[in-house]
Each structure stands twice: as C-alpha cells, then as structure tokens.
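# Close look at the chain arrangement
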Amino acid sequence: FRCGFNCNYCYSSCYNKTDYIKNELTTKEIKSILDKVFDLGVIWLCFTGGDPLMRKDFLDIYSYAKDKGFIITIFTNGYSMIEEVADYLAKKPPFVIEMTFNAVTKEIYEKISGIEDSFERTKKGIDSILERKIPLKIKTQVTKDNLEELPKIKEFVEKLGLTFRPSIFLHARLNGDVSPCSLRIEPQQILSNKSQVTGSMGD
C-alpha cells in the first residue's frame, strides 16, 4: 500500500494511509505466497504497489524470489531507489524495472506527484539504475496536467536511449473515488496529439 508519492491520478493512492499500511502482509506471509505460486508453475513475477521499494524488507523478499528462480519485474516511481537498493539489484538484476516519469519540469512533476522535491530525487533514481546497467523502461501517464510536456518528456526519455511509453488510460480509485477521471484528456486532444500520446502504449 505504501508509496512515497500521492499522485493526483493514481487509482491506488486511497490505500496509501496508515490504517491500511499497518495491515500489509508480513515478510513470512509473502514468502509463503511466493512458495505456493512457484509450486504451481508460475515463473513471471511483478512487484508493484504502491511502491514495493518502500518496504523495509523489500530486498529480503526480492532476494527470496530471485533465488527461487522467478523472472521479476519491479514497478516503482524511482523515488525510493536509494544507492543500497540499486547496488543490490545490479548484483541480482531483475528482468526489468518499469518506472513512471510524468514531467521534465519540476513544478509540473511535483504538482502530479504531490511531493515537494520529488523531481530531483526521482531523476537521481533514474541515474542510479542506468549507471548500473539495470534494464529499465520509463512510462508516462498522460493527463491534463502534463499534456503539453509530452514532446519534452519524449525527448528526455529518448536521449537516455529508451523508448517513450505514454498511456492515456486513467481509472477511478479502488475505493470508488472517480476524481482521477477528471484528469483524462479529451478524445479530440488524443487525435490532435496522436504521435505524442500513442507512442508504444501496447509494448
């Protein structure tokens, strides 16, 4: 449930609260689930949230899954990609890290993330991943807040040698709150910005 951000479009941010976080599964419970799904023949595994890197036991859980033989994808916003975690992942790399990056302008980025000073820290997370040559995909959630930023985001991502991956799909929150839907761009905006908003959405 935990995440370092409080993104205004996020469908799961409604659970990023103390009352929910204290009821998260324990390390032992998670490892038990990993044992069961592995025994059933599952080999592809995705750690998501929230942001899984927010858990103090993340590397313990990740290492357990990696040693069992799972092929692992990690979803993160990069905010919690500290040096210790990046160093460990360099030694035991995942199949890929998928990270969301929603603006190249600090003010717009932090308007979306809801967290002051998150822009530079996230960029540092990107650098930490790339410096260690850990496989990385960067995704962008297209909203009314960053529509005008898309050409700049595309340029930024492609300069890193990566593929620009925007998504136009926004959903109501898991508790029924439909406020993220108000950030959807209009169909005519999709059509007039087709080359920017479609990218590699299906990849």
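As a starting point, this report considers the structure included with it. These figures come from a predicted structure and were not determined experimentally.

Because each turn of an α-helix spans 3.6 residues, side chains separated by three or four positions end up pointing in the same direction. Those residues of helix H7 (residues 150-159) that fall on the buried side of the exposure criterion are Leu150, Ile153 and Val157. Looking straight down H7, one finds that the buried residues subtend no more than 60° of arc, so they occupy a single side. Within two residues after H7, Gly161 carries a phi angle of roughly 85°, on the positive side.

The next subject is the pattern of salt bridges. This model, assessed by the stated rule, comprises 17 salt bridges. Here Asp57 and Arg55 are joined by a salt bridge, their closest N and O atoms 2.8 Å apart. Arg55 matches Asp57 in its accessibility class, with the two residues each being buried. Across the pair Asp145 and Lys111 runs a salt bridge whose closest N-O atoms are separated by 3.1 Å. Here the residue Asp145 occupies a position in the loop between strand E4 (136-141) and H7, and Lys111 occupies one in helix H5 (residues 106-113), the gap between them amounting to 34 residues. What emerges from the salt-bridge pattern is a single network uniting Arg2, Glu24, Arg55 and Asp57.

Moving on: the pairing of strand E3 (residues 96-100). A regular strand places its side chains so that they alternate between the two faces of the sheet. Burial analysis of E3 places 4 of its 5 residues in the buried class, the great majority of the element. Both strand E2 (residues 71-76) and E3 contribute to a ladder of 4 bridges, which runs parallel. Across the sheet, the residue bridging to Thr76 is Met99, located in E3. Note on the crossover from E2 through helix H4 (residues 83-91) to E3: the handedness is right-handed.

A word on the packing of H5 against helix H6 (residues 118-131). Contact pair H5 / H6: the axes reach a minimum separation of 8 Å and the direction vectors enclose 95°. The pairing of H5 with H6 is recorded here as roughly perpendicular in orientation. Only Ser118, Phe119 and Thr122 of H6 make contact with H5, whose side of the interface consists of Lys106, Tyr109, Glu110 and Ser113. Tallied by class, the residues present in the contact of H5 with H6 amount to 2 nonpolar, 3 polar and 2 charged.

Backbone torsion omega between Gly49 and Gly50 reads 20°, so that peptide bond is classified as cis. Relative to the elements of secondary structure, Gly50 occurs in the loop between strand E1 (44-47) and helix H3 (58-68). Positive phi outside glycine occurs at Lys133, with the angle close to 60°. Inspection of the secondary structure puts Lys133 in the loop between H6 and E4.

Following both chains from N to C, one finds helix H2 (residues 27-39) and H3 inclined at 20°, their axes separated by 10 Å at the closest point. The orientation of H2 with respect to H3, classified from their angle, is roughly parallel. The hand of the H2/H3 crossing is right-handed. Listed contacts from H3 to Thr27, Ile30, Lys31, Leu34, Asp35 and Phe38 of H2 are Asp60, Ile61, Tyr64, Ala65 and Lys68. A breakdown of the residues in the contact of H2 with H3 according to their chemical character gives 6 nonpolar, 1 polar and 4 charged.

How each quantity is defined
Residues numbered from 1 in each chain as written. Predicted model: local features only at pLDDT ≥ 70, side-chain atom pairs only at ≥ 80, totals over all residues. Heavy atoms only, no water. Buried < 20%, exposed > 50% of the residue type's maximum accessible area, 1.4 Å probe, protein only. Helix = DSSP H or I, 4+ residues; strand = E, 2+ residues; numbered from the N terminus. Arc of directions from axis to C-beta. Salt bridge = Lys/Arg side-chain N within 4 Å of Asp/Glu carboxyl O. Pairing = 2+ DSSP bridges. Right-handed = clockwise from strand over helix to strand, strands pointing away. Axes fitted to C-alpha atoms, helices over the stretch in contact; angles between N-to-C directions. Parallel < 35°, antiparallel > 145°, perpendicular 65-115°, else oblique. Contact = heavy atoms within 4.5 Å. Nonpolar A, V, L, I, M, F, W, Y, C, P; charged D, E, K, R; others polar. Left-handed = near helix turned anticlockwise from the far one by under 90°.

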